[in-house]
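Structural overview
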Amino acid sequence: MPVRWGEMDALRHVNNAAYFRFFEEARVRLLLALGLGPGGARNWVLAHASCDFLKPLLYPADIVVGLKLLRVGRSSAEFDCWVADAKDPAVRHARGRNVLVCVDSATGQSIPWPDTDRQALLRFFSV
């Protein structure tokens with residue numbers, strides 16, 4: 001993904017809030033790739049997000065955002081996520097943790113996710 005002009009601060013550093021948007025974009029792309037996008041009887045909501053800023057990322061840049069499945073629970077999934085400059089993807093500029101929870105669209109309450117969803121996620125990450 002390209003870093004946009006508005007995602008930097010006065011020092012050309014990518015702003016800390018932008019990293020959460022990068023992680024969000026990666027989660028959305030993952031869910032869409034699995035056919036688990038928004039709408040329908042259930043949705044995925046973000047229950048936890050954290051980020052450690054490891055090394056400043058300077059504008060302009062193209063980035064790589066990675067996700068690794070850490071844990072699959074009854075109604076949740078936990079991911080390790082990171083951001084790297086596409087020119088040097090081995091160097092991580094930020095690392096975070098995200099937890100998604102499956103919820104009933106009508107009630108907003110946590111629900112066990114269907115086995116088909118769980119299996120699609122496990123297959124995608126080859127866990």
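One can find the structure itself at the top, above this paragraph.
The sections below set out a description of the structure shown in this document. (Residues numbered from 1 in each chain as written. Predicted model: local features only at pLDDT ≥ 70, side-chain atom pairs only at ≥ 80, totals over all residues. Heavy atoms only, no water.)

Once that is clear, we can look at the pairing of strand β3 (residues 76-85). Burial analysis of β3 places ten of its ten residues in the buried class, which makes it a mostly covered element. Neither face of β3 is open: one carries S76, E78, D80, W82 and A84, the other A77, F79, C81, V83 and D85, and all of them are buried. Both strand β2 (residues 63-72) and β3 contribute to a ladder of nine bridges, which runs antiparallel. Paired with I63 across the two strands is D85, which belongs to β3. As paired elements, β3 and strand β4 (residues 92-104) share nine bridges and run antiparallel to each other. Each bridged residue has a counterpart across the sheet, and for F79 the counterpart in β4 is N98. Connecting β3 to the antiparallel partner β4 that follows it, the hairpin turn spans six residues. (Buried < 20%, exposed > 50% of the residue type's maximum accessible area, 1.4 Å probe, protein only. Helix = DSSP H or I, 4+ residues; strand = E, 2+ residues; numbered from the N terminus. Pairing = 2+ DSSP bridges.)

Below, the discussion takes up the environment of D80. Take D80: it is sitting in strand β3. Separated by 17 residues in the primary sequence, D80 and R97 have C-alpha atoms spaced 4.8 Å apart. Side-chain polar atoms of D80 contact the side chain of R95, separated by 2.8 Å. (Polar contact = N/O pair within 3.5 Å; in protein donor to acceptor, adjacent residues only side chain to side chain.)

This brings us to the packing of aromatic side chains. Scanning all chains against the criterion turns up six aromatic pairs. Measuring from centroid to centroid gives 4.9 Å for W44 and W113, while their planes differ by 90°, and the two rings are edge-to-face. With W44 in strand β1 (residues 42-53) and W113 in the loop between β4 and α2 (115-125), this residue pair connects regions lying 69 residues apart in the sequence. Like W113, W44 is buried. An angle of 50° between the planes, with centres 5.9 Å apart, marks the rings of F79 and F125 as tilted. Residue F79 is located in strand β3, and its partner F125 is located in helix α2; the two are separated by 46 residues in the primary sequence. Lying over the aromatic face of W82, R92 brings its terminal NZ or CZ to 3.9 Å of the ring centre. (Phe/Tyr/Trp six-rings, centres within 6.5 Å; stacked < 30°, edge-to-face > 60°. Lys NZ or Arg CZ within 6 Å of the ring centre and 35° of its normal.)

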